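# An overview of the molecular structure
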Protein chains: 2
Amino acid sequence: MTDRNLTEKVKVELADRSYDILIGEHVLLGAGKHIKSVLPDAKCAIVTDENVAAIHLEALLENLKAEGIEAAPIILPAGEATKSYAHLQTVIEAIIEMRLERGDAVIAFGGGVIGDLAGFAAASVRRGMNFIQIPTSLLAQVDSSVGGKTGINSPQGKNLVGAFYQPRLVLADTTVLDTLSEREFRAGFAEVIKYGLINDAGFYNWLEQNWDGIKKGGKERIHAVATSCRAKAAIVARDERESGERALLNLGHTFGHALEGITKYQSDVLVHGEGVAIGMVLAHAFSARMNQSSPDDTQRVKTYLEKVGLPTDMSGLRNHVKSANQIMDFIAQDKKVSRGNLNFILTHGIGQAYIAKNVPAAEVHAFLTEALES
Amino acid sequence: MTDRNLTEKVKVELADRSYDILIGEHVLLGAGKHIKSVLPDAKCAIVTDENVAAIHLEALLENLKAEGIEAAPIILPAGEATKSYAHLQTVIEAIIEMRLERGDAVIAFGGGVIGDLAGFAAASVRRGMNFIQIPTSLLAQVDSSVGGKTGINSPQGKNLVGAFYQPRLVLADTTVLDTLSEREFRAGFAEVIKYGLINDAGFYNWLEQNWDGIKKGGKERIHAVATSCRAKAAIVARDERESGERALLNLGHTFGHALEGITKYQSDVLVHGEGVAIGMVLAHAFSARMNQSSPDDTQRVKTYLEKVGLPTDMSGLRNHVKSANQIMDFIAQDKKVSRGNLNFILTHGIGQAYIAKNVPAAEVHAFLTEALES
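In every chain, residue numbers begin from 1 and rise along the written sequence. Here every chain gets a letter starting at A, and every ligand a number starting at 1, in the order they are written. Given that the model is predicted, a residue must reach a pLDDT of at least 70 before its local features are reported, and side-chain atom pairs must reach 80 or more before they are shown or counted; all residues, however, enter totals for whole chains, interfaces and linings. The side-chain quantities take in all heavy atoms of the structure and omit both hydrogens and water.

Per an unreviewed UniProt entry, the recorded name for chain A is 3-dehydroquinate synthase, and the organism is Ahrensia marina. Recorded under Sequence similarities (unreviewed entry), the UniProt text for chain A is reproduced unchanged: "Belongs to the sugar phosphate cyclases superfamily. Dehydroquinate synthase family." UniProt positions are given in the numbering used here, feature names are shortened, and annotations may be inferred rather than shown by experiment. Recorded in UniProt for chain A, the comment headed Subcellular location (unreviewed entry) runs: "Cytoplasm".

In structure tokens, the structure reads:
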């Protein structure tokens, strides 16, 4: 079943902070060896959540032990609520308690929540320890494990507190994704589709034709994950701190974040990737309304997202999303707001996203009002 | 009384994160103009403490207002206890509440506690905002305002949580130091002496001859502050993240931090600079005991620190410091410990400090036992 030759390597080029992402089946079972080759003497704190720990922690601990790597886990509750000041403090104090030093490592072993939280803790303990990511969700493998954004949520908004902090190594085991719920896999896949929509129409075409293969696993899945990582790595290498181009990665996220905020990050109502899916359709529809792209492209995106099983409009959120004003309020606080003007990622068509500055708030408001009525 | 021509500029060379330190009399009254020249459109959050606010805040606010800079203060209790998770969260949430963006600025207006806390908040809000330092204590002007170390204390130890984060501008007004207590001024002066002891015997000689002038103010004080900043800036430019040479700046600090820890950071018992003063004498005495330097140098340092009015041994701490073991326990947790070995900053004489690796713990223990008995 396993073909180790299929393992792909993506190099994230960031000068002295460059690192490799290894993507393939069962790379988790080589974790100790891979970590040792990058950090020969490091002791490790493994930050994980209850769900991941129950399924995969023993295998990782065994593997590290076999390589003579000292490691101990810090196990947190699963869910977005864990990205809080309180849990950040818990993790930091636990790492200090283990007497780890700057040369030791914090391993994030979980999805995006664990990656963001553990990364911020690694950045902050002794002003920066080594950091390793072993992402276990599709979302984390293709998004949060590339580019060094770490952080927690503020009561005033998502991801408002954190650091840019790069890992030393990322291990993305594509077989681990078989343990995700279908819903979680689909939600993560929204971010994969995003890379096609941003600047790679060829990848988007390939994705349209290979959903079944990606779902099943094997080389199609590895290719989808590796292409996504490569796409993000290329953008991040050119604009690490999001002063320009990196904002393209927010395609669908301004609307998506607002919907997540309004639904109070209740994962039974809406998870991040679902918000992004709706947001990407809205971004295409708004672009068409502004005469920047064709309504046919909006329809094409909608059709594919429906096939994947993702939501494509706000109809499922009627109990929460009541008015355009409600959405506008969240958008105003979103960190993509620059000096009071509304910046949006719009598109000229599939694979042709661009950063639109000074978008009139009234246009967005009118568009959302129509979208909510339809 | 004021001679604006006396203003000295120290450039901290850190590639795209380089910045200027302006040192002189009444530079505070040019704050708005200086900030505008670096950040033309930034709104500002001024983080300060109750003591500094009572004396200087109105002048700063007036000055910024006159230049058309929007600014609002965040006023915290004075004292080391403010460098906590709880106050960090308070400051971060207040900055977000003001709706400041990445291009806006956080001004640290106070001593080292305020600088460290506000700097970590600036580093963390939206993963990094602009940061400006207006240090109001001698310690902050010559130490914490140079080099980008920011952070808070952990219940397990001082400065264990934070970030390397550089300011865009530092304004050091030497007349503001006239509002410090004598004790606080002397304590800050311990760090000035440290720069002479590390690698500049000429500066140390000059300091020995000019204590009265520096205390009084004017050009001697400006020279002392500027030379200190220049000395630290040179070291930081070569080793920003303390992988080597920067550790020299910890001369006297390993012992000093332990004494601060044992006395529970109670400022009525011991303040940081006093701990450093005792620590520097201990570092010289330990170096002499290890046959690395002459006991005459230890005596010379002791004599000068006594003239300045700083403590030079642990005799004033008898109610707190009971045994060598107690000190060793704190040293073991100090962040200058590398992979379980004891690293110390020792010296071959005045202006000849060096990093000693693998110092036997038993030697340190024996030395401390003697020092406590004498």
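That was the structure; now back to the text.
### A word on the overall build of chain A
A tally of regular secondary structure across chain A gives 13 helices and 11 strands. Atoms counted for the radius of gyration: C-alpha only. Globule rule: 2.2 Å times the number of residues to the power 0.38. Compactness check: chain A gives a C-alpha radius of gyration of 20 Å against a globular reference of 21 Å for 374 residues, within 12% of the reference. Structurally, chain A occupies a C-alpha span of about 60 × 40 × 40 Å along its principal axes. Residue contacts are counted whenever heavy atoms from the two residues lie within 4.5 Å of one another. Taking all contacts inside chain A whose residues are at least 6 apart in sequence as the whole, residues at least 24 apart take part in 74%. Counting from the N terminus, the helices are the DSSP runs of H or I reaching at least four residues and the strands are the DSSP runs of E reaching at least two.

### A short note on the sheet that holds strand β4 (residues 71-76) of chain B
Residue and element names in this part refer to chain B. The strand order across the open sheet formed by seven strands is β1-β2-β9-β6-β5-β3-β4, and the pairing between neighbours is mixed. Two strands in the sheet have a free side with no partner beyond their single neighbour: β1 (8-12) and β4. Across the sheet, the mean angle from the axis of one strand to that of its neighbour is 20°, orientation sign disregarded. Direction of pairing for strand β2 (residues 19-24) relative to strand β9 (residues 169-173): parallel, over a ladder of five bridges. Across the sheet, the residue bridging to L22 is L171, located in β9. Simply put, an axis is a line fit to the C-alpha atoms, just over the touching stretch for a helix, and the angle between two N-to-C directions goes from 0 to 180 degrees. Along the sheet, helix α1 (residues 31-38) contacts β2, β5 (105-110), β6 (130-135) and β9; its crossing angle with β9, the most-contacted strand, is approximately 165°. Against the sheet, helix α4 (residues 112-124) makes contact with β3 (44-49), β4, β5 and β6, and its axis sits at roughly 170° relative to β5, the strand it touches most. Strands are treated as partners if at least two bridges between them are detected by DSSP.

### Topic: the domain arrangement of chain A
All names here are of chain A. In this entry, domain limits derive from an automatic or database-based domain assignment. Domain assignment breaks chain A into domain 1 (4-175) and domain 2 (182-216 + 251-373). Listed per partner, the contact involves 11 residues of domain 1 and 13 residues of domain 2. Once two parts are brought into contact, the accessible area they lose, counted with a 1.4 Å probe and summed over both, makes up the buried area. Together, the buried faces of domain 1 and domain 2 total about 1100 Å²; carbon and sulfur atoms form 63% of this surface. Of all residues in domain 1, L138, L139 and K158 bury the most surface against domain 2, accounting for 48% of the area lost on that side. Salt bridges are defined as contacts in which a side-chain nitrogen from Lys or Arg sits within 4 Å of a carboxyl oxygen from Asp or Glu. At the surface where domain 1 touches domain 2, the tally comes to one salt bridge. Close ionic contact of K158 with E260 constitutes a salt bridge, the shortest N to O distance being 2.8 Å.

### Considering the pairing of strand β9 (residues 169-173) of chain A
Two faces, one strand: in a regular strand the side chains alternate between the faces of the sheet. Along β9(A), five of the five residues are buried, which leaves the element largely enclosed by surrounding structure. Exposure is judged per residue with a 1.4 Å probe applied to protein chains only, and the accessible area is read against the type maximum: over 50% gives exposed, under 20% gives buried, and values in between give partly exposed. Here β9(A) shows a buried face lined by A:L169, A:L171 and A:D173 and a second buried face lined by A:V170 and A:A172.

### A few points about the relation of the copies chain A and chain B
Each copy is superposed on the other by least squares, with the fit set by C-alpha atoms of residues at a pLDDT of at least 70 in both. Each copy superposes on the other: chain A lies on chain B with an RMSD of 0.0 Å after a rotation of 180° and an axial shift of 0.0 Å. On this basis, the relationship between the two copies can be described by a two-fold rotation axis. Comparing contact sets, 100% of the residues at the interface of chain A also lie at the interface in chain B, consistent with an isologous, same-surface contact.

### Some details on the pattern of salt bridges
Applying the stated criterion across every chain yields a total of 39 salt bridges over all chains. Here B:E8 makes a salt bridge to B:R230, at a shortest N to O gap of 3.0 Å. Taken as a pair, B:E8 in strand β1 and B:R230 in helix α8 (residues 219-238) lie far apart in primary sequence, 222 residues in all. Assessed through its relative accessible area of 22%, B:E8 is described here as partly exposed. You can call B:R230 partly exposed: its relative accessible area is 39%. A salt bridge links B:K9 to B:D20, with the nearest nitrogen and oxygen atoms 3.8 Å apart. Remark: B:D20 occurs in strand β2 and B:K9 occurs in strand β1; sequence separation between them is 11 residues. Here the residues in one salt-bridge network are A:E80, A:K83, A:D116, A:K158 and A:E260, joined through shared partners.

### Topic: the UniProt feature "binding site: Zn(2+)" (unreviewed entry) in chain A
Residue and element names in this part refer to chain A. UniProt's feature table lists "binding site: Zn(2+)" (unreviewed entry) at E191, H253 and H272, given in the numbering used throughout. For the residues just named, distributed over 82 residues, the greatest C-alpha separation is only 10.1 Å, placing them together at one site. Inspection of the secondary structure puts H253 in helix α9 (residues 253-262). Looking at H253, the relative accessible area reads 6%, which means it is buried. As for its position among the elements, H272 is in helix α10 (residues 272-289). In this structure H272 comes out as buried when scored by relative accessible area, which is 15%. Not counting the four nearest positions on each side in its chain, H272 is found in contact with L139, K158, E191, H253, H257 and E260. Within the structure, the side chain of H272 is placed 2.9 Å from the side chain of E260, a separation counted as a polar contact. In protein, a polar contact means a hydrogen-donor-capable atom and an acceptor-capable atom, both N or O and within 3.5 Å, with residues adjacent in sequence counting only if both atoms are side-chain atoms; elsewhere, any N or O pair within 3.5 Å suffices.

### Observations regarding the nonpolar core
Put simply, a nonpolar core is a bunch of buried Ala, Val, Leu, Ile, Met, Phe, Trp, Tyr and Cys residues held in one set by side-chain atoms that sit within 4.5 Å of each other. Membership of the largest hydrophobic core comes to 56 residues, with the highest contact counts inside it found for A:I95 and B:I95. Setting aside residues up to four positions removed in sequence, B:I95 forms contacts with B:A45, B:I74, B:L100, B:V106, B:A121, B:V125 and B:M129.

### Re the interface of chain A and chain B
Between chain A and chain B, the residue contacts involve 40 residues of the former and 40 residues of the latter. Both sides of the chain A and chain B interface together cover about 3500 Å² of buried area, and 41% of this is carbon and sulfur. One can count one salt bridge joining chain A with chain B. Between the two partners, chain A and chain B, sit 14 residue pairs in polar contact (both at pLDDT 80 or more). The set of elements that each furnish at least two residues to the side of chain A that touches chain B consists of α3 (85-97), α4 (112-124), β7 (149-154), β8 (157-164) and α12 (324-333) of chain A. Each residue belonging to the side of chain A that touches chain B can be placed in one class, and the counts come to 13 nonpolar, 11 polar and 16 charged. Under the scheme applied here, ten amino acids are nonpolar (Ala, Val, Leu, Ile, Met, Phe, Trp, Tyr, Cys and Pro), four are charged (Asp, Glu, Lys and Arg), and all others, including Gly, are polar.

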